[in-house]
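# Structural features, examined
Here is how the chains run, residue by residue.
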Amino acid sequence: MDFKERLNQGTPILLDGGMGTVLFEKLPGYEGAFELLNSENPDVIEDIHRLYLEAGSEMIETNTFGGSRLKLAEFGLKERCEEINEKGASLARRAADRCNAFVGGSVGPTGLLAEPMGETPAETIYESFAAQMRGLSRGGADAIIIETMTDVQEAKLALLAARDNTDLPVICSMTFDLSGKTPTGSDMLTAFTTLASAGASMVGANCGMGPAEIVKLYSSSISALTQAGIPLSAWSNAGLPEMIDGKTHYGLREDSFAASSIELVEMGIQLIGGCCGTRPSHIKALADLLSQRNITSPAYGFRHRAVTSRTSRFSFKEGVLVVIGERLNPSARKAFAKDLSEGRQTFLRQEAVKQKEEGAHILDINVGLPGIDEKAAIKKSVTVLSNSVDIPLMIDSDNPEVIEAALMTCPGIPIVNSINATDKSIETILPLIKRFGCFVVGLCLDEGGIFPDSSRRIAAGEKLLSRLAEAGVTSDRVFIDPLVLAESAEPGSAVETLKVISHFSSKGIKTSVGLSNISFGLPQRKFINSAFLKASIQNGLTAAIVNPVTAQFSDVLELSDEEKIASDFLNGSDPGASAYIEHFKNSGGDNAAAVSAPSAPPENIMELLFNYVVEGNSDDIETALDEALKDHSPSDIMNQALLQGLEKVGELYSSGEYFLPQMISSANAMKKGFLKLKPMLTDKSTPRLGRAVICTVKGDIHDIGKNIVAMMMENHGFEVTDLGKDVPCETIIQTALDSQADLICLSSLLTTTMGEMKNVRETLNQRGIDIPVMIGGAVVTDDYARSIGAHYSSDAVECVKVAKSILGV
């Protein structure tokens with residue numbers, strides 16, 4: 001029978017007692033590394049194992065408590081780490097085999113504080129434990145016992161090292177003080193939830209106090225612990241320590257130790273034994289009592305229901321919106337971007353504390369900024385956040401290297417945002433989710449991109465859930481994100497998104513949205529955000545990445561007057577947000593639209609066409625063109641009416657008087673007019689400003705902004721070849737050469753794909769191809785563009801201006 005099978009029997013397992021206690025008695029005055037005795041005095045170690053086995057121990061621990069590389073380095077033994085641990089495990093294995101007992105590979109703390117609390121890099125701590133785990137496994141341990149840990153981060157790194165380097169079950173045991181917390185501030189429930197989620201087979205408490213005190217410690221949390229499905233262990237000291245004649249003394253008698261330890265077993269503790277001060281006589285007294293009882297532990301099963309920080313846990317409760325603070329993102333916070341680029345954390349600290357005070361349950365952290373070391377930035381940010389606030393984190397990146405760096409540093413169980421159903425994402429992100437035991441946001445997209453209709457988004461989400469389940473990631477660790485699109489650019493998207501939320505919530509699957517996208521390009525965005533959030537909650541939404549201020553009144557689902565107007569736009573009753581924008585034009589306030597569309601009757605047909613473009617009137621423009629063509633040439637209509645109208649739209653958009661819905665409507669009206677005139681225009685009369693190739697770069701499937709840019713450039717007289725999204729460098733360059741392009745326009749919404757822009761520019765340089773490159777997108781900056789030798793535009797209107805400037809037209 002292996003140890004996992006024994007655990008599943010549900011009856012208590014008796015561990016041995018204090019190895020060090022007996023060693024001090026056998027070798028008084030010994031000052032070297034106890035672990036070296038495995039090689040230099042193995043008979044003493046084997047004899048101690050024999051004494052505990054004869055006392056009734058069903059499992060003995062190896063003499064390797066201080067056997068990590070970092071701990072052995074104090075004795076100049078760092079390079080012998082694997083050898084010493086293998087020897088310790090083989091000695092215990094030989095003794096245990098004589099009695100059909102189990103061997104637990106003992107792993108104690110390094111004595112150093114890991115980041116984020118300390119200064120020792122997490123990777124250093126991890127590697128120190130990894131070598132120890134390999135030795136213990138080779139020596140024949142049945143399980144790894146990580147014990148006497150005071151910092152949950154160090155325990156988590158040891159657990160990770162055990163799981164990465166062995167296939168053994170892992171027991172993680174923390175040391176608590178009389179207040180019920182570790183010296184680094186973790187309470188029992190938070191620490192145990194973190195370690196169980198990270199993959200421990202059993203969690204518990206040892207050392208620090210006697211069994212009576214540990215009984216009190218467990219009593220306050222046992223109901224929550226058993227409900228959380230966490231198998232438990234405890235091995236206590238022989239009472240509280242006393243100093244007698246300058247030496248530590250443990251005076252708890254064997255019968256008292258056994259009686260209190262039995263109380264722990266009756267509470268459901270499945271692995272019981274002794275720690276400091278306990279001898280074979282203590283274990284024998286406990287074994288005798290156990291033989292007189294017929295005790296069965298509760299049936300445990302792991303349930304991952306809470307995200308954690310070092311000192312707190314947050315459980316997901318039905319009907320309670322999870323508020324995930326959105327303001328630690330450089331794309332939307334220039335102050336944060338500036339701090340990141342200059343290596344400061346002022347904004348990070350202040351906004352983290354402020355968002356928590358405003359009601360955030362979890363903080364989203366994104367450090368995607370061009371030109372910085374993103375791995376170093378996320379490690380520093382997680383460190384600062386872990387030491388500034390006590391709430392859990394969401395790691396916001398799709399770069400697996402950045403995610404791994406964050407997860408190595410984070411002392412709790414965070415949420416990773418995000419994974420999707422593409423093969424690339426599954427191959428790179430899924431292993432990290434499994435390895436670190438975190439929660440994850442799953443996006444409803446696959447190789448086909450982001451679908452406008454709910455049915456295809458649902459299919460992508462279901463596909464992702466299925467692939468995660470096949471890999472062992474259960475649905476209770478997943479939030480499905482239906483992907484909120486800008487309603488101004490994708491009319492009907494809000495309704496479709498709500499259908500996706502409703503579908504998954506009805507199946508008991510947690511859902512999450514990034515709220516702010518819904519209101520992109522519109523004034524008074526807070527009302528649209530709030531109205532959509534309330535509609536999402538009514539459809540079963542679990543969590544929202546949102547400004548906590550917006551979510552403060554989300555429990556009041558009745559809509560305000562402003563939210564009702566916003567709701568009309570979101571449900572399609574107010575196409576183009578015309579009533580919404582008109583309301584704020586009249587009511588004023590910040591971001592109010594003072595739309596300057598012509599109101600006086602046009603004096604002639606050319607002015608009427610100008611107005612139709614400015615107003616975005618696609619319905620009547622063709623009729624007006626028929627009238628205009630009676631007296632005006634196609635080229636005059638194009639240059640003196642349509643193009644001038646489009647220029648006016650650009651001015652209104654740039655001044656903040658027009659918003660995205662009006663710009664799109666105007667562009668569509670212009671496009672309809674141009675298509676009617678195009679067959680009548682000669683090559684000379686048609687404005688030919690230049691040829692452009694445009695696309696979203698390889699790895700990025702976002703194309704709303706790119707599509708608007710392409711439409712605006714076409715309407716202004718550029719010949720545009722739109723290659724779509726996720727386009728490889730070679731395709732871009734070859735198309736530009738084949739079409740004799742004057743300009744290459746590249747879009748990227750993700751920091752992880754921005755490198756493709758640089759790749760295109762560098763490849764052009766290497767081949768001696770002199771074609772200008774213009775770049776843009778949410779994460780792109782002017783500084784980044786200059787750094788790679790490209791031009792920059794912030795939006796579709798500016799893109800036309802920059803393109804004209806580049807080509808001198």
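Residues numbered from 1 in each chain as written. Predicted model: local features only at pLDDT ≥ 70, side-chain atom pairs only at ≥ 80, totals over all residues. Heavy atoms only, no water.

### Examining the overall build of the protein chain
Across its full length, the protein chain carries 32 helices and 25 strands. Dimensions of the protein chain along its principal axes, counting C-alpha atoms only, are 115 × 60 × 45 Å. The 809 residues of the protein chain split such that 57% are buried. Within the protein chain, residue pairs in contact and separated by at least 24 positions form 76% of the contacts whose partners lie at least 6 positions apart. If you sum the accessible surface of the protein chain, you get close to 31700 Å²; carbon and sulfur atoms cover 48% of it. Between the mean site of the 73 positive side-chain charges and the mean site of the 105 negative ones, the protein chain shows a separation of 2 Å. (Helix = DSSP H or I, 4+ residues; strand = E, 2+ residues; numbered from the N terminus. Buried < 20%, exposed > 50% of the residue type's maximum accessible area, 1.4 Å probe, protein only. Contact = heavy atoms within 4.5 Å. Areas by Shrake-Rupley, 256 points an atom, 1.4 Å probe, with all protein chains shown as cover. Lys, Arg positive; Asp, Glu negative; His and termini not counted. Charge placed at Lys NZ, Arg CZ, Asp CG, Glu CD.)

### A few points about the pairing of strand β15 (residues 393-396)
The side-chain alternation of β15 yields two buried faces, one formed by L393 and I395 and the other by M394 and D396. Two elements, strand β14 (residues 362-365) and β15, share three bridges in a ladder whose sense is parallel. Counted as the bridge partner of D364 is M394 from β15. For the segment spanning β14, helix α16 (residues 374-388) and β15, crossover handedness is right-handed. Where β15 lies against strand β16 (residues 415-419), three bridges are found, and the strand directions are parallel. Counterpart to M394 in the pairing with β16 is I415. Of the crossover connections in this fold, the one passing from β15 over helix α17 (residues 400-409) to the parallel β16 is right-handed. (Pairing = 2+ DSSP bridges. Right-handed = clockwise from strand over helix to strand, strands pointing away.)

### Thoughts on the nonpolar core
Within soluble globular proteins, side chains that are nonpolar tend to cluster in buried spots. If you look at the biggest cluster of nonpolar residues, it comprises 126 residues, and the most contacted ones within it are I146, F192 and Y218. Here this core gets eight residues from one element, more than from any other, and that element is helix α8 (residues 152-165). Among the nonpolar cores identified, the runner-up in size contains 51 residues, and I621, L642, I708 and C799 belong to it. (Core = buried A, V, L, I, M, F, W, Y, C linked by side-chain atoms within 4.5 Å.)

### Thoughts on the environment of T422
Among the secondary structure elements, T422 is positioned in the loop between β16 and α18 (423-436). Sequence spacing of T422 and R435 is 13 residues, and the spatial spacing of their C-alpha atoms is 20 Å. Residues within four places of T422 in sequence aside, it is in contact with L445, D446 and E447.

### Describing the sheet that holds strand β23 (residues 743-747)
Spatially, five strands are ordered β22-β21-β23-β24-β25 in an open sheet, and the strand pairing comes out parallel. Strands at the two margins of the open sheet, each flanked by one partner only, are β22 (718-722) and β25 (791-792). Two elements, β23 and strand β24 (residues 773-776), share four bridges in a ladder whose sense is parallel. For I744, the partnering residue across the bridge sits in β24 and is V773. Sheet strands in contact with helix α29 (residues 729-738) are β21 (690-696), β22 and β23, and its direction is about 165° off that of β21. (Axes fitted to C-alpha atoms, helices over the stretch in contact; angles between N-to-C directions.)

### A look at the side chain of S747
Summarising the element assignment, S747 is placed in strand β23. For S747, the residues in contact, after removing those within four places along its chain, are C695, T696, V697, K706, M757 and G776.

### What to know about the packing of helix α14 (residues 334-342) against helix α15 (residues 346-357)
One way to put it is that α14 packs onto α15 with a least axis distance of 8 Å and a crossing angle of 140°. Relative to α15, α14 is oriented oblique. Every residue of α15 that contacts α14 at A335, F336 and D339 is listed here: T346, F347 and L348. Per-class residue counts for the contact of α14 with α15 are four nonpolar, one polar and one charged. (Parallel < 35°, antiparallel > 145°, perpendicular 65-115°, else oblique. Nonpolar A, V, L, I, M, F, W, Y, C, P; charged D, E, K, R; others polar.)

### Brief notes about the sheet that holds strand β3 (residues 102-107)
The parallel open sheet is built from eight strands, whose spatial order is β1-β10-β7-β6-β5-β4-β3-β2. The open sheet terminates on both sides in strands that have one partner only, identified here as β1 (13-14) and β2 (59-61). Examined bridge by bridge, β2 and β3 share three bridges and lie parallel to one another. Residue pairing in the sheet places I60 in a bridge with V103 of β3. Strand contacts of α8: β4 (143-149) and β5 (170-174), with the helix running at about 170° to β4, the strand carrying the most contacts.

### Side note on unusual backbone geometry
Omega for the peptide link from E115 to P116 comes to 15°, which places this bond in the cis form. Topologically, P116 is positioned in the loop between β3 and α7 (122-139). Phi angles above zero are rare outside glycine, and C207 is one such case at about 65°. Along the chain, C207 falls in the loop between β6 (202-206) and α10 (211-219). Residue Q740 is not a glycine yet carries a positive backbone phi of 55°. Inspection of the secondary structure puts Q740 in the loop between α29 and β23.

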